[in-house]
Amino acid sequence: MNEPYSPPAPPAGNSGPAATMKIVVCLLTLFVIAQIIGTAFFGVYFHKKLDEVQKERCQQANSVLTILKECNHKDSSKLNCQEIEAYFQKLLQPKESPTKEMFEKQKGDQKQLPIAAHLTSNTNSKSTAVLQWARKGYYTMSDSLSYSDGKLTVQSSGFYYLYSQVTFCSNREASSQAPFIVSLHLKSSESERVLLRAANTHTPSKPCGHQSIRLGGTFDLQQGASVFINVTDPTQVSHGPGFTYFGLFKL
């Protein structure tokens, strides 16, 4: 006996995921459509606002032109035209370049380099009473000063502090030798004079005992004035590092 064939029924429960996917797709589609519509409305609103701002500016410009035209007429007594014209002239005046203002401010804020000199003794000083100085070791020399033949010359007038230390050595009997004298001299176009002077006696110790004489003071120096150190016996001067030096600085 032949029995009729019937296909097996689909398993129950497979329609659930398909329905969920359809709902998710529909929601995403609605979200995208809402975004597009919102963007379109915002663009229209933004353009309308721009048009309104431009219209307001045009109206303000027209009102300003109207006021200026009325000021040109004779019967403009009701308007304060002088103040109005002064205001617009101030607006139309070109402003100074900010770069120039900044440059001038920086230029004014810059500190001037100090004028100073510090020189150490030179062994060539043994042949002359005017001590010679060398640019070596811990020396300082500003551009506003010049040095030549033992003399420091200032190029800028003002108050200067001058200082010097001279260390000398002697093993001779004090009774047979005059005191060792150090003097600070000023030479200008008018004259030459002594600013400071100090003396010390010799010591009979052998080998020689070092002794130092220090000078220092503040003086008003004119442009072109020269200062130098003079000693009674240059052969007694000690030229070791830090023993003998000469310098100045502007206050």
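Quick look at the structure, then.

Each value, and the rule that gives it
Residues numbered from 1 in each chain as written. Predicted model: local features only at pLDDT ≥ 70, side-chain atom pairs only at ≥ 80, totals over all residues. Heavy atoms only, no water. Core = buried A, V, L, I, M, F, W, Y, C linked by side-chain atoms within 4.5 Å. Buried < 20%, exposed > 50% of the residue type's maximum accessible area, 1.4 Å probe, protein only. Helix = DSSP H or I, 4+ residues; strand = E, 2+ residues; numbered from the N terminus. Contact = heavy atoms within 4.5 Å. Phe/Tyr/Trp six-rings, centres within 6.5 Å; stacked < 30°, edge-to-face > 60°. Patch = residues over 30% accessible without salt bridge, like charges linked within 9 Å, V, L, I, M, F, W, Y side chains within 5 Å. Areas by Shrake-Rupley, 256 points an atom, 1.4 Å probe, with all protein chains shown as cover. Salt bridge = Lys/Arg side-chain N within 4 Å of Asp/Glu carboxyl O.

**Let's talk about the nonpolar core**
Moving on, step 1. Grouped together as the largest cluster of nonpolar side chains are 30 residues, with contacts concentrated most on Leu162, Leu184 and Val227.
Moving on, step 2. Where this core is concerned, the elements lending two or more residues are strand 1 (116–121), strand 5 (151–154), strand 6 (158–170), strand 7 (180–187), strand 8 (192–200), strand 9 (209–221), strand 10 (226–231) and strand 11 (245–250).
Moving on, step 3. Those residues in contact with Leu162 that sit more than four places away from it in its chain are Leu184, Leu195, Leu215, Gly216, Gly217, Phe219, Leu221, Val227, Gly247 and Leu248.

**Remarks on the packing of aromatic side chains**
Moving on, step 1. Under the definition given, this model contains six aromatic pairs.
Moving on, step 2. Aromatic pair Phe42 and Phe46: ring centres 6.4 Å apart, planes at 20°, arrangement stacked. Of this pair, Phe42 and Phe46 both sit in helix 1 (residues 15–72), four residues apart, which is roughly one turn of the helix.
Moving on, step 3. Measuring from centroid to centroid gives 6.3 Å for Tyr161 and Tyr163, while their planes differ by 25°, and the two rings are stacked.

**Regarding a nonpolar patch on the surface**
Moving on, step 1. A cluster of nonpolar side chains, Phe42, Tyr45, Phe46 and Leu50, forms an exposed patch at the surface whose accessible area comes to about 440 Å².
Moving on, step 2. Take Leu50: its relative accessible area is 38%, and that puts it in the partly exposed class.

In short, geometric facts, not functional conclusions.
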